[in-house]
Amino acid sequence: MSAAPHLAIVGATGAVGVEMLECLDQRGFSFSNLTLLASARSAGKKVAFQGEEYTIKELTHESFKNIDIALFSAGGGISLEYAPSAAAAGAVVIDNSSAFRMDAEVPLVVPEINPEAAKNRPKGIIANPNCTTIITLMGLYPLHQAFGLKSIIASTYQAVSGSGAQGIIELDQQTKALSNGGEVQQNVYPRQIAYNVIPHVDSFTENGYTKEELKMLNEGRKILDLPDLNVTCTCVRVPVHRSHSVSLTAQFEKPVSVEAARAVYTDAYQGVQLVDDPQQGIYPVPLDTTNQDDCRVGRIRQDAVVDNALALWIVGDQVRKGAALNAVQIAEIL
């Protein structure tokens, strides 16, 4: 692949597509050409980027001639239909959907954790993990390297932007309606999200877990190459615009102390910051991570129930590191 590839973004008008452009710009990613692809509805729209004006083109199976890297962020159905065409045309696909994550022939990559996996891509496709999985593993990976991760018990607090722009609109409209004594309308969520939390992210499976909750188990095992990793998770939607939070108990193979854990984070580990002085009111919150590249870790405590375990709190911007930035970092590897 050339040093300055021809880049395509599929889903360029969506929230993650727009964020991908911001990440490319801020990180100084070099490209020889840029093709922006979306649905027929968006075709013809103009996008200003780095002093140039680009016209959105309609996505077709013939869109990928001479494309080197195709960043997909348009949903699983679009990826299943068009990613193979892009790969067949010679592009390396970096897919942000869940379509290929558990395919044995598709690497699932977090660049700070398993960048070498991106080299083995027999289908020409690399998968971006689920946003909550990325944020959780970004916080846990330094501890895993030091102490050997054994199990995860997690509860997530997931922002409404995880549902796309309509999730934000619904929260804002419901909040305004309630403030003015009006009627609450529900379209995106099964229950009122304003002034509420909903323990329901994605659809439920036969075992009572949602698909979102099982992603942390299955994707975590694949990314860390830990087939015996035990994970139980409850995913909750909360009335926050952006940035997901995760409360978890992490159990390790080796004994671990709070002091030893904090020392791990004080080393230069790219992509995660220790923010942990609760006596001074210092701990990660969503507003502090929004539009930020790094995930943040705090509230580190010795778990009071599980042996060789820590309780901790991890927060990260799920649109940025949980999606767009991670994809751009994979492109940088290429």
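Note: the structure precedes this text.
Right, let's walk through the structure included here. In this text, all values refer to a predicted model and were calculated from it rather than measured experimentally.

1. Some remarks on the nonpolar core
Of all hydrophobic cores here, the largest spans 58 residues; its most connected members are L143 and L312. Ranked by the residues each element gives to this core, the list is headed by helix 3 (residues 131-147), at eight residues. Apart from the residues lying within four places of it in its own chain, the contact partners of L312 are L140, L143, V246, S247, L248, A250, Y265, V297, G298, R299, I300 and R301.

2. Overview of the packing of helix 3 against helix 8 (residues 320-333)
Two elements in contact, helix 3 and helix 8, have axes whose closest approach is 8 Å; the angle formed by their N-to-C orientations is 90°. By the angle between their directions, the pair helix 3 and helix 8 is classed as roughly perpendicular. Note on element contacts: helix 8 touches helix 3 through K321, G322 and N326, opposite C131, I134 and M138. Here the residues of the contact of helix 3 with helix 8 sort into three nonpolar, two polar and one charged.

3. A few points about the pairing of strand 7 (residues 92-95)
Side chains V92 and I94 of strand 7 all project onto a buried face; the interleaved residues V93 and D95 project onto the opposite face, where all are buried too. Between the parallel elements strand 6 (residues 69-72) and strand 7, the chain passes through helix 2 (residues 76-88) in a crossover that is right-handed. As judged from the three bridges shared by strand 7 and strand 8 (residues 125-127), these two strands associate in the parallel manner. Looking at strand 8, one finds that V93 is bridged to I125.

4. Overview of the pairing of strand 9 (residues 149-158)
Sheet topology places strand 9 next to strand 11 (residues 244-252); eight bridges connect them, and they run antiparallel. Pairing of S155 across the sheet is with S247, part of strand 11.

5. Let's talk about the packing of aromatic side chains
Scanning all chains against the criterion turns up four aromatic pairs. Their ring planes at 20° and their centres at 6.2 Å tell us that F31 and F49 sit as a pair that is stacked. Of this pair, F31 sits in the loop between helix 1 (15-26) and strand 2 (33-38) while F49 is found in strand 3 (residues 46-49), placing the two residues 18 residues apart along the sequence. Since its relative accessible area comes to 17%, F31 is described here as buried. Classification of F49 as buried rests on a relative accessible area of 8%.

6. Some points on the pattern of salt bridges
Across all of its chains, the model carries 12 salt bridges by this definition. For E219, the salt bridge identified is with R101, shortest N-O distance 3.3 Å. Separated by 118 residues along the polypeptide, E219 in helix 5 (residues 211-224) and R101 in the loop between strand 7 and strand 8 bring together distant segments of the chain. In this structure, the salt-bridge partner of E212 is K215, at a minimum N-O distance of 3.4 Å. One end of the pair is E212 and the other is K215, both in helix 5 and three residues apart, which spans about a single turn. Salt bridges sharing common partners tie together E19, R242, D293, D317 and R320.

7. Details of the sheet that holds strand 14 (residues 309-316)
Strands sit in the order 10-9-11-14-13-12 across an open sheet of six strands; the sheet is mixed. The sheet is open, and its two edges are formed by strand 10 (230-237) and strand 12 (272-274), each paired on a single side. Strand after strand, the sheet turns through a mean of 20° between neighbouring axes, direction not considered.

Reading the values: rules and limits
Residues numbered from 1 in each chain as written. Predicted model: local features only at pLDDT ≥ 70, side-chain atom pairs only at ≥ 80, totals over all residues. Heavy atoms only, no water. Core = buried A, V, L, I, M, F, W, Y, C linked by side-chain atoms within 4.5 Å. Buried < 20%, exposed > 50% of the residue type's maximum accessible area, 1.4 Å probe, protein only. Helix = DSSP H or I, 4+ residues; strand = E, 2+ residues; numbered from the N terminus. Contact = heavy atoms within 4.5 Å. Axes fitted to C-alpha atoms, helices over the stretch in contact; angles between N-to-C directions. Parallel < 35°, antiparallel > 145°, perpendicular 65-115°, else oblique. Nonpolar A, V, L, I, M, F, W, Y, C, P; charged D, E, K, R; others polar. Right-handed = clockwise from strand over helix to strand, strands pointing away. Pairing = 2+ DSSP bridges. Phe/Tyr/Trp six-rings, centres within 6.5 Å; stacked < 30°, edge-to-face > 60°. Salt bridge = Lys/Arg side-chain N within 4 Å of Asp/Glu carboxyl O.

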